[in-house]
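Here is what each chain is made of, one letter per residue.
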Amino acid sequence: MRISPLHFSLLLIQIFGGLLLYYLLIPIDPMVAEGTFICVFAPTATAAAVITGMLGGDIACLATYSLLSNMTVALTSPIIFSFMGAHGAMPFWESFVIICKQMLPLLILPFIVAIFLRKFFPKAHSILQNRQSVSFYMWAVSLTIVMGKTVSFIIEQGSGNFKEEILIAFFALVVCVAQFVLGKWIGYKNNNLIAGGQGLGQKNTVLAIWMALIYLHPLASIGPASYVVWQNSINSWQLWKKQKDAVKKRADNLSLSQK
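Residues numbered from 1 in each chain as written. Predicted model: local features only at pLDDT ≥ 70, side-chain atom pairs only at ≥ 80, totals over all residues. Heavy atoms only, no water.

Student: Just checking my understanding: could you explain the side chain of lysine 203 for this structure?
Tutor: Summarising the element assignment, lysine 203 is placed in the loop between helix 10 (193-201) and helix 11 (205-215). At 3.0 Å, the side chain of lysine 203 forms a polar contact with the backbone oxygen of alanine 42. In this structure the side chain of lysine 203 is engaged in a polar contact, spanning 3.3 Å, whose partner is the side chain of glutamine 179. If we skip the residues at most four places from it in the chain, lysine 203 touches Gln14, Cys39, Val40, Ala42, Pro43, Thr44, Ala45, Gln179, Tyr227 and Gln231. (Helix = DSSP H or I, 4+ residues; strand = E, 2+ residues; numbered from the N terminus. Polar contact = N/O pair within 3.5 Å; in protein donor to acceptor, adjacent residues only side chain to side chain. Contact = heavy atoms within 4.5 Å.)

Below, the structure written as structure tokens:
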């Protein structure tokens, strides 16, 4: 795990790109601005490493960025939200500790356990390493739960501001596609196309919804809630295309060997 220029480029877009969009969209609608900002500012999802591995990307590079991304958000979010004049007021250290509690069980603890297994139980580590496909099914189960919670959350909003909610969801779709494309472009420039796309595009939406509810207008949480649907639709398409290309390649190789 090494920090590279790719990681710094993605962090700059995550922090300053989100702030730029926020201030550009304020004249249109403050809640749309907040919902769009949180979709860019949110850190990388812990499940991004699973998809990166399945797509043939550099898992170590993505895991490094996931740690950097989440810890950067934990450190900067209290400061950024205070300068934005966000609706929720919370002391810096209290906010930092609460966000870390959201992240540590999902990020730091598995990382420590993996190092522990590799050092003291190499056989168990090898068994897990050779069965990484199991992580796909774990991701599928967690995705089902998150999608169910998202639908339930949107229904329970019951605000009646359907036009504004649709607008927030639309901007979430735009920035979702843009982040995957931009991340892949930056990753391509740094010889890490897949990790770049997943690192910038796949977000920790559960944390993003929580931050929106705590710091921003509650309606802004529709942004990351709808982002769940958009990012996993893109991930599903990428996995389908990867499998389709693999089948086509095997068929072409078989055809060449028969000739």
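Student: Which parts of the structure should I look at to understand unusual backbone geometry?
Tutor: For residues other than glycine, phi is negative in most cases, and the peptide bonds are mostly trans. Of note in the backbone geometry, asparagine 191 takes a positive phi value of approximately 55° without being a glycine. Note that asparagine 191 resides in the loop between helix 9 (162-189) and helix 10. We classify asparagine 191 as exposed; its relative accessible area is 74%. (Buried < 20%, exposed > 50% of the residue type's maximum accessible area, 1.4 Å probe, protein only.)

Student: Would you explain the packing of helix 9 against helix 10 in this entry?
Tutor: Relative orientation and spacing of two packed helices are given, respectively, by the angle between their axes and the distance between those axes. Viewed as axis vectors pointing N to C, helix 9 and helix 10 meet at an angle of 145°, and their least axial separation amounts to 7 Å. Note on packing geometry: the crossing formed by helix 9 with helix 10 is right-handed. Residues Gln179, Phe180, Leu182, Gly183, Lys184, Gly187 and Tyr188 of helix 9 lie in contact with helix 10, whose contacting residues are Leu193, Gly196, Gly197, Gln198, Leu200 and Gly201. Taken together, the residues of the contact of helix 9 with helix 10 sort by class into five nonpolar, seven polar and one charged. (Axes fitted to C-alpha atoms, helices over the stretch in contact; angles between N-to-C directions. Left-handed = near helix turned anticlockwise from the far one by under 90°. Nonpolar A, V, L, I, M, F, W, Y, C, P; charged D, E, K, R; others polar.)

Student: What is the right way to look at the environment of leucine 6 in this model?
Tutor: Looking at the secondary structure, you find leucine 6 in helix 1 (residues 5-25). Of the residues examined, leucine 6 reaches a relative accessible area of 2% and is grouped as buried. In this structure the C-alpha to C-alpha distance between leucine 6 and asparagine 190, which are 184 residues apart in sequence, comes to 6.2 Å. The contacts of leucine 6, once residues within four sequence positions are left out, are Cys61, Ile186, Gly187, Asn190, Asn192 and Gly196.

Student: Hey, could you run me through the packing of helix 1 against helix 9 in this one?
Tutor: Relative orientation of the contacting elements helix 1 and helix 9 amounts to 150°, with a least axis distance of 11 Å. The pairing of helix 1 with helix 9 is recorded here as roughly antiparallel in orientation. Note on packing geometry: the crossing formed by helix 1 with helix 9 is right-handed. Of helix 9, the residues touching helix 1 (which contributes Leu6, Ser9, Leu10, Ile13, Leu21 and Leu25) are Phe171, Val175, Leu182, Gly183, Ile186 and Gly187. Taken together, the residues that form the contact of helix 1 with helix 9 break down as nine nonpolar, three polar and no charged. (Parallel < 35°, antiparallel > 145°, perpendicular 65-115°, else oblique.)

Student: I would appreciate a short explanation of helix 2 (residues 30-41) in the present structure.
Tutor: Its twelve residues give helix 2 an end-to-end C-alpha distance of 16 Å, which sits within 8% of 16 Å, the value for a rise of 1.5 Å per residue. Within helix 2 the residues assigned to the buried category are Met31, Val32, Ala33, Glu34, Gly35, Thr36, Phe37, Ile38, Cys39, Val40 and Phe41. Between the side-chain oxygen of the N-cap and the backbone nitrogen of methionine 31 there are 2.9 Å, and the N-cap of helix 2 in question is aspartate 29. (Expected span 1.5 Å × (residues − 1).)

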